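Chain by chain, the residues run as shown.
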Amino acid sequence: MFSLGSWLPGLAWGWALLDALLQGLVGACAVSVLCSLLKVYLYIQCLNDPQRQAEKEAIRVQWWVLEPLHVVVLTALLALVGSRVAALVVLEFSLRAVSTLLSLGKGAHSSQLYLLCQYSLGCGVSCSLSFLLEGAPHSTCNLLLAVGLAGLLATYARRLARHVCTLYELHSRAHYCGICILLLATGHGIPKLLQKALAVTFAVADLAAVVLINRDFLSTAEAVRFWTPLTICYTLLVIYMQEGSRQSTNGQGLYQTVLVRMGGLFILLLTIGHWSDVLHILFSLLGELWCLLRAGIMLEACWRQ
(Lines give C-alpha, C1' and ligand atoms only; values in the text may rest on other atoms or scores of the structure.)
Protein backbone atom coordinates (compact mmCIF):
# COMPACT_ATOMS: atom_id res chain seq x y z
CA MET A 1 0.00 0.00 0.00
CA PHE A 2 1.30 3.42 -0.94
CA SER A 3 1.14 6.05 1.78
CA LEU A 4 -0.59 9.35 1.22
CA GLY A 5 2.74 11.16 1.44
CA SER A 6 4.04 9.34 -1.63
CA TRP A 7 1.18 10.76 -3.68
CA LEU A 8 1.51 14.35 -2.50
CA PRO A 9 4.50 15.39 -4.67
CA GLY A 10 2.81 14.14 -7.82
CA LEU A 11 -0.49 15.70 -6.80
CA ALA A 12 1.15 19.07 -6.14
CA TRP A 13 2.96 18.89 -9.49
CA GLY A 14 -0.34 18.12 -11.24
CA TRP A 15 -2.09 21.11 -9.66
CA ALA A 16 0.85 23.36 -10.60
CA LEU A 17 0.63 22.15 -14.19
CA LEU A 18 -3.12 22.77 -14.25
CA ASP A 19 -2.64 26.29 -12.88
CA ALA A 20 0.04 26.99 -15.52
CA LEU A 21 -2.27 25.81 -18.30
CA LEU A 22 -5.14 27.94 -17.00
CA GLN A 23 -2.90 31.00 -16.77
CA GLY A 24 -1.65 30.37 -20.29
CA LEU A 25 -5.22 30.01 -21.55
CA VAL A 26 -6.23 33.35 -20.03
CA GLY A 27 -3.20 34.96 -21.66
CA ALA A 28 -4.02 33.37 -25.02
CA CYS A 29 -7.61 34.63 -24.80
CA ALA A 30 -6.33 38.15 -24.09
CA VAL A 31 -4.19 37.96 -27.22
CA SER A 32 -7.19 36.71 -29.20
CA VAL A 33 -9.29 39.70 -28.06
CA LEU A 34 -6.51 42.09 -29.05
CA CYS A 35 -6.14 40.56 -32.52
CA SER A 36 -9.89 40.51 -33.14
CA LEU A 37 -10.30 44.20 -32.28
CA LEU A 38 -7.31 45.15 -34.40
CA LYS A 39 -8.73 43.14 -37.28
CA VAL A 40 -11.98 45.09 -37.00
CA TYR A 41 -10.12 48.42 -36.97
CA LEU A 42 -7.80 47.60 -39.88
CA TYR A 43 -10.64 46.18 -41.98
CA ILE A 44 -12.68 49.37 -41.56
CA GLN A 45 -9.65 51.52 -42.38
CA CYS A 46 -8.91 49.54 -45.53
CA LEU A 47 -12.58 49.60 -46.55
CA ASN A 48 -12.64 53.40 -46.39
CA ASP A 49 -9.55 53.70 -48.61
CA PRO A 50 -10.09 52.81 -52.29
CA GLN A 51 -6.37 52.12 -52.73
CA ARG A 52 -6.33 49.44 -50.04
CA GLN A 53 -9.02 47.08 -51.30
CA ALA A 54 -6.51 44.27 -51.80
CA GLU A 55 -5.50 44.50 -48.14
CA LYS A 56 -9.17 44.49 -47.13
CA GLU A 57 -9.75 41.26 -49.04
CA ALA A 58 -6.63 39.69 -47.53
CA ILE A 59 -7.86 40.47 -44.02
CA ARG A 60 -11.36 39.23 -44.81
CA VAL A 61 -10.30 35.85 -46.19
CA GLN A 62 -8.00 34.95 -43.32
CA TRP A 63 -8.52 31.36 -42.21
CA TRP A 64 -10.92 31.58 -39.28
CA VAL A 65 -10.49 27.88 -38.58
CA LEU A 66 -6.88 28.55 -37.48
CA GLU A 67 -7.99 30.79 -34.61
CA PRO A 68 -8.66 27.90 -32.18
CA LEU A 69 -5.33 26.34 -33.20
CA HIS A 70 -3.56 29.62 -32.44
CA VAL A 71 -5.14 29.75 -28.97
CA VAL A 72 -4.14 26.14 -28.24
CA VAL A 73 -0.52 26.58 -29.37
CA LEU A 74 -0.13 29.88 -27.53
CA THR A 75 -1.66 28.38 -24.37
CA ALA A 76 0.87 25.55 -24.44
CA LEU A 77 3.81 27.90 -24.99
CA LEU A 78 2.73 30.28 -22.23
CA ALA A 79 2.26 27.35 -19.85
CA LEU A 80 5.75 26.01 -20.62
CA VAL A 81 7.48 29.36 -20.11
CA GLY A 82 8.47 29.90 -16.48
CA SER A 83 7.42 32.97 -14.56
CA ARG A 84 11.02 34.25 -14.47
CA VAL A 85 11.47 34.38 -18.25
CA ALA A 86 7.90 35.62 -18.76
CA ALA A 87 8.69 38.49 -16.39
CA LEU A 88 11.83 39.34 -18.38
CA VAL A 89 9.83 39.38 -21.61
CA VAL A 90 7.27 41.73 -20.07
CA LEU A 91 9.91 44.17 -18.81
CA GLU A 92 11.75 44.15 -22.13
CA PHE A 93 8.61 44.95 -24.09
CA SER A 94 7.57 47.68 -21.65
CA LEU A 95 10.86 49.51 -22.16
CA ARG A 96 10.58 49.05 -25.91
CA ALA A 97 6.98 50.30 -25.91
CA VAL A 98 7.85 53.42 -23.94
CA SER A 99 10.69 54.16 -26.34
CA THR A 100 8.43 53.65 -29.35
CA LEU A 101 5.61 55.80 -27.97
CA LEU A 102 8.06 58.61 -27.30
CA SER A 103 9.06 58.50 -30.97
CA LEU A 104 5.49 58.44 -32.37
CA GLY A 105 5.96 61.95 -33.65
CA LYS A 106 8.86 60.71 -35.76
CA GLY A 107 6.77 58.26 -37.76
CA ALA A 108 6.37 55.21 -35.52
CA HIS A 109 3.25 53.07 -35.97
CA SER A 110 1.14 52.47 -32.86
CA SER A 111 -1.06 49.88 -34.57
CA GLN A 112 2.01 47.85 -35.39
CA LEU A 113 3.11 48.09 -31.75
CA TYR A 114 -0.19 46.54 -30.67
CA LEU A 115 0.47 43.56 -32.92
CA LEU A 116 4.06 43.22 -31.73
CA CYS A 117 2.93 42.99 -28.10
CA GLN A 118 0.90 39.79 -28.57
CA TYR A 119 3.26 37.36 -26.90
CA SER A 120 4.35 39.93 -24.31
CA LEU A 121 0.69 40.51 -23.47
CA GLY A 122 0.19 36.79 -22.88
CA CYS A 123 3.26 36.70 -20.64
CA GLY A 124 2.04 39.80 -18.80
CA VAL A 125 -1.37 38.33 -18.05
CA SER A 126 0.25 35.08 -16.91
CA CYS A 127 2.67 36.94 -14.62
CA SER A 128 -0.10 39.09 -13.16
CA LEU A 129 -2.25 36.05 -12.37
CA SER A 130 0.72 34.23 -10.83
CA PHE A 131 1.48 37.26 -8.64
CA LEU A 132 -2.10 38.09 -7.64
CA LEU A 133 -3.08 34.50 -6.84
CA GLU A 134 0.14 33.45 -5.13
CA GLY A 135 -0.77 31.80 -1.84
CA ALA A 136 -4.52 32.10 -2.43
CA PRO A 137 -6.45 29.14 -0.91
CA HIS A 138 -8.68 28.71 -3.97
CA SER A 139 -6.34 29.83 -6.74
CA THR A 140 -7.41 27.09 -9.16
CA CYS A 141 -11.08 28.02 -8.78
CA ASN A 142 -10.21 31.66 -9.35
CA LEU A 143 -8.29 30.72 -12.47
CA LEU A 144 -11.26 28.73 -13.75
CA LEU A 145 -13.46 31.80 -13.33
CA ALA A 146 -10.85 33.91 -15.12
CA VAL A 147 -10.74 31.39 -17.97
CA GLY A 148 -14.53 31.53 -18.29
CA LEU A 149 -14.57 35.33 -18.47
CA ALA A 150 -11.60 35.50 -20.84
CA GLY A 151 -13.06 32.83 -23.09
CA LEU A 152 -16.38 34.68 -23.22
CA LEU A 153 -14.67 37.94 -24.20
CA ALA A 154 -12.53 36.18 -26.81
CA THR A 155 -15.56 34.45 -28.32
CA TYR A 156 -17.58 37.66 -28.64
CA ALA A 157 -14.59 39.57 -30.03
CA ARG A 158 -14.04 36.84 -32.62
CA ARG A 159 -17.73 36.94 -33.58
CA LEU A 160 -17.54 40.71 -33.91
CA ALA A 161 -14.53 40.47 -36.22
CA ARG A 162 -16.25 37.82 -38.35
CA HIS A 163 -19.45 39.89 -38.53
CA VAL A 164 -17.53 43.00 -39.60
CA CYS A 165 -15.47 41.20 -42.23
CA THR A 166 -18.60 39.58 -43.65
CA LEU A 167 -21.40 42.14 -43.38
CA TYR A 168 -19.99 45.54 -42.39
CA GLU A 169 -19.72 46.82 -45.95
CA LEU A 170 -23.41 46.08 -46.56
CA HIS A 171 -24.73 47.10 -43.15
CA SER A 172 -22.82 50.39 -42.99
CA ARG A 173 -24.54 51.47 -46.20
CA ALA A 174 -28.01 50.23 -45.28
CA HIS A 175 -27.86 51.69 -41.73
CA TYR A 176 -29.95 48.96 -40.12
CA CYS A 177 -27.39 47.02 -38.03
CA GLY A 178 -26.77 48.53 -34.61
CA ILE A 179 -23.28 47.07 -34.27
CA CYS A 180 -22.13 48.32 -37.67
CA ILE A 181 -23.66 51.76 -37.08
CA LEU A 182 -21.81 51.98 -33.76
CA LEU A 183 -18.54 51.00 -35.44
CA LEU A 184 -19.20 53.48 -38.24
CA ALA A 185 -19.39 56.26 -35.67
CA THR A 186 -16.78 55.14 -33.13
CA GLY A 187 -14.60 52.59 -34.94
CA HIS A 188 -11.73 55.06 -35.21
CA GLY A 189 -11.46 55.05 -31.40
CA ILE A 190 -10.45 51.38 -31.14
CA PRO A 191 -6.68 52.16 -30.93
CA LYS A 192 -7.28 54.57 -28.03
CA LEU A 193 -9.33 51.93 -26.23
CA LEU A 194 -6.58 49.35 -26.74
CA GLN A 195 -3.92 51.80 -25.63
CA LYS A 196 -5.65 52.44 -22.29
CA ALA A 197 -6.36 48.75 -21.70
CA LEU A 198 -2.79 47.72 -22.54
CA ALA A 199 -1.35 50.50 -20.38
CA VAL A 200 -3.24 49.20 -17.33
CA THR A 201 -2.38 45.57 -18.14
CA PHE A 202 1.33 46.18 -18.52
CA ALA A 203 1.48 48.45 -15.46
CA VAL A 204 0.20 45.56 -13.32
CA ALA A 205 2.38 43.07 -15.23
CA ASP A 206 5.53 45.15 -14.69
CA LEU A 207 4.92 45.29 -10.95
CA ALA A 208 4.29 41.55 -10.87
CA ALA A 209 7.39 40.89 -12.99
CA VAL A 210 9.69 42.81 -10.64
CA VAL A 211 8.30 41.00 -7.60
CA LEU A 212 8.54 37.57 -9.26
CA ILE A 213 12.17 38.14 -10.23
CA ASN A 214 13.26 39.58 -6.87
CA ARG A 215 11.77 36.72 -4.87
CA ASP A 216 14.59 34.42 -6.08
CA PHE A 217 17.32 36.56 -4.50
CA LEU A 218 18.48 36.00 -0.93
CA SER A 219 20.41 39.26 -0.64
CA THR A 220 20.70 42.70 -2.18
CA ALA A 221 24.10 41.81 -3.64
CA GLU A 222 22.59 38.94 -5.65
CA ALA A 223 19.86 41.26 -6.95
CA VAL A 224 22.43 43.87 -8.01
CA ARG A 225 24.50 41.21 -9.83
CA PHE A 226 21.38 40.26 -11.79
CA TRP A 227 19.79 43.66 -12.48
CA THR A 228 22.96 45.49 -13.55
CA PRO A 229 23.78 43.37 -16.65
CA LEU A 230 20.07 43.04 -17.36
CA THR A 231 19.65 46.83 -17.45
CA ILE A 232 22.65 47.21 -19.76
CA CYS A 233 21.33 44.46 -22.06
CA TYR A 234 17.87 46.01 -22.24
CA THR A 235 19.29 49.47 -22.95
CA LEU A 236 21.34 48.14 -25.86
CA LEU A 237 18.33 46.22 -27.19
CA VAL A 238 16.11 49.32 -27.10
CA ILE A 239 18.75 51.35 -28.96
CA TYR A 240 19.06 48.60 -31.56
CA MET A 241 15.28 48.42 -31.99
CA GLN A 242 15.04 52.17 -32.54
CA GLU A 243 17.81 52.17 -35.15
CA GLY A 244 16.26 49.19 -36.90
CA SER A 245 12.82 50.80 -37.02
CA ARG A 246 14.28 53.92 -38.68
CA GLN A 247 16.21 51.98 -41.32
CA SER A 248 13.64 49.34 -42.24
CA THR A 249 10.94 50.11 -44.78
CA ASN A 250 8.81 46.98 -44.46
CA GLY A 251 8.00 44.20 -42.03
CA GLN A 252 10.74 41.79 -43.14
CA GLY A 253 13.08 42.95 -40.37
CA LEU A 254 10.62 42.05 -37.58
CA TYR A 255 11.73 38.42 -37.49
CA GLN A 256 15.35 39.53 -37.32
CA THR A 257 14.64 41.80 -34.36
CA VAL A 258 12.91 38.93 -32.54
CA LEU A 259 16.00 36.77 -33.02
CA VAL A 260 18.25 39.57 -31.77
CA ARG A 261 16.10 40.23 -28.69
CA MET A 262 15.76 36.61 -27.71
CA GLY A 263 19.41 35.98 -28.53
CA GLY A 264 20.44 38.79 -26.18
CA LEU A 265 18.32 37.39 -23.36
CA PHE A 266 19.62 33.89 -24.13
CA ILE A 267 23.26 34.95 -23.77
CA LEU A 268 22.46 36.97 -20.65
CA LEU A 269 20.70 34.08 -18.93
CA LEU A 270 23.52 31.73 -19.84
CA THR A 271 25.72 33.75 -17.51
CA ILE A 272 23.37 34.87 -14.71
CA GLY A 273 20.31 32.64 -15.04
CA HIS A 274 19.31 29.05 -14.34
CA TRP A 275 19.48 26.16 -16.78
CA SER A 276 15.68 26.11 -17.02
CA ASP A 277 15.68 29.78 -18.11
CA VAL A 278 17.64 28.88 -21.23
CA LEU A 279 14.99 26.34 -22.24
CA HIS A 280 12.20 28.83 -21.50
CA ILE A 281 13.86 31.41 -23.76
CA LEU A 282 13.56 28.93 -26.64
CA PHE A 283 9.85 28.54 -25.92
CA SER A 284 9.53 32.33 -25.88
CA LEU A 285 11.23 32.53 -29.26
CA LEU A 286 8.70 30.06 -30.68
CA GLY A 287 5.86 32.08 -29.15
CA GLU A 288 7.08 35.36 -30.65
CA LEU A 289 7.54 33.83 -34.10
CA TRP A 290 4.15 32.11 -33.94
CA CYS A 291 2.36 35.38 -33.10
CA LEU A 292 4.18 37.28 -35.85
CA LEU A 293 3.45 34.57 -38.41
CA ARG A 294 -0.26 34.64 -37.61
CA ALA A 295 -0.44 38.45 -37.76
CA GLY A 296 1.52 38.79 -40.99
CA ILE A 297 -1.37 40.20 -43.04
CA MET A 298 -2.33 42.76 -40.41
CA LEU A 299 1.32 43.77 -39.94
CA GLU A 300 1.57 44.44 -43.67
CA ALA A 301 -1.58 46.58 -43.47
CA CYS A 302 -0.05 48.56 -40.59
CA TRP A 303 3.13 49.20 -42.53
CA ARG A 304 1.21 50.50 -45.55
CA GLN A 305 -1.00 52.62 -43.33
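Residues numbered from 1 in each chain as written. Predicted model: local features only at pLDDT ≥ 70, side-chain atom pairs only at ≥ 80, totals over all residues. Heavy atoms only, no water.

A short note on the overall build of the protein
The number of helices and strands found in the protein is 13 helices and zero strands. Listing each helix as α and each strand as β along the protein from the N terminus yields α-α-α-α-α-α-α-α-α-α-α-α-α. In the protein, which comprises 305 residues, the proportion classed as buried is 46%. If you take every contact in the protein between residues at least 6 apart in sequence, the share linking residues at least 24 apart comes to 80%. By element, 70% of the accessible surface of the protein is carried by carbon and sulfur atoms, the whole surface being about 15,600 Å². (Helix = DSSP H or I, 4+ residues; strand = E, 2+ residues; numbered from the N terminus. Buried < 20%, exposed > 50% of the residue type's maximum accessible area, 1.4 Å probe, protein only. Contact = heavy atoms within 4.5 Å. Areas by Shrake-Rupley, 256 points an atom, 1.4 Å probe, with all protein chains shown as cover.)

What about the packing of aromatic side chains?
Across all of its chains, the model carries one aromatic pair by this definition. Of note, R159 hangs over the ring of Y156, and the distance from its end group to the ring centre comes to 5.6 Å. (Phe/Tyr/Trp six-rings, centres within 6.5 Å; stacked < 30°, edge-to-face > 60°. Lys NZ or Arg CZ within 6 Å of the ring centre and 35° of its normal.)

Quick word on helix α4 (residues 83-102)
Taking 1.5 Å per residue as the helical rise, α4 with its 20 residues ought to reach 28 Å, and the 29 Å between its terminal C-alpha atoms agrees with that figure. With respect to burial, α4 is a largely interior element, 15 of its 20 residues being buried. (Expected span 1.5 Å × (residues − 1).)

Remarks on the pattern of salt bridges
When the charged atoms of two side chains lie near each other, side chains of opposite charge can form a pair. For the structure on display, the rule yields three salt bridges. For the salt bridge of E67 with R158, the shortest nitrogen-to-oxygen distance reads 4.0 Å. Taken together, the residues E67 in helix α3 (residues 66-80) and R158 in helix α7 (residues 139-174) connect sequence positions 91 residues apart. (Salt bridge = Lys/Arg side-chain N within 4 Å of Asp/Glu carboxyl O.)

Regarding the packing of α4 against helix α11 (residues 254-272)
The N-to-C vectors of α4 and α11 enclose an angle of 135°; their axes lie 12 Å apart at closest approach. Between α4 and α11, the angle falls in the class oblique. In this structure, the crossing between α4 and α11 has a hand that is right-handed. Along the contact surface, α4 presents R84, V85, L88, V89, E92 and R96, while α11 presents R261, M262, L269 and I272. (Axes fitted to C-alpha atoms, helices over the stretch in contact; angles between N-to-C directions. Parallel < 35°, antiparallel > 145°, perpendicular 65-115°, else oblique. Left-handed = near helix turned anticlockwise from the far one by under 90°.)

Structural notes on the packing of α4 against helix α6 (residues 118-132)
Relative to each other, α4 and α6 sit at 125°, their axes nearing to 8 Å. The orientation of α4 with respect to α6, classified from their angle, is oblique. The element α4 and its partner α6 pack so that their crossing is left-handed. Taken together, the residues of α6 that come into contact with α4 (itself represented by S83, A86, A87, V89, V90 and F93) are Y119, S120, C123, G124 and C127. Residues that form the contact of α4 with α6 fall into these classes: eight nonpolar, three polar and no charged. (Nonpolar A, V, L, I, M, F, W, Y, C, P; charged D, E, K, R; others polar.)

Observations regarding the UniProt feature "transmembrane region" (unreviewed entry) in the protein
Per the UniProt record, "transmembrane region" (unreviewed entry) is annotated on residues 20-44, 65-91, 111-133, 140-161, 173-190, 197-218, 224-241 and 253-272. Secondary structure across residues 140-161 divides into 100% helix and 0% strand, with the first and last C-alpha atoms of the span separated by 31 Å. Split by type, residues 197-218 is 82% helix and 0% strand. Its first and last C-alpha atoms lie 35 Å apart. (UniProt positions renumbered as here; feature names shortened; annotations may be inferred.)

A short note on helix α9 (residues 190-214)
End to end, α9 covers 36 Å across 25 residues, agreeing with the expected 36 Å (1.5 Å per residue, within 8%). Residues of α9 that are buried: I190, P191, L194, L198, F202, A205, A208, A209, L212 and I213.

Examining the side chain of T75
Among the structural elements, T75 can be located in helix α3. For T75, a relative accessible area of 10% corresponds to the buried category. There is a polar contact of 2.6 Å between the side chain of T75 and the backbone oxygen of V71. Sequence-distant contacts of T75, that is, excluding residues within four places in its chain, are made with L21, G24, L25 and A28. (Polar contact = N/O pair within 3.5 Å; in protein donor to acceptor, adjacent residues only side chain to side chain.)

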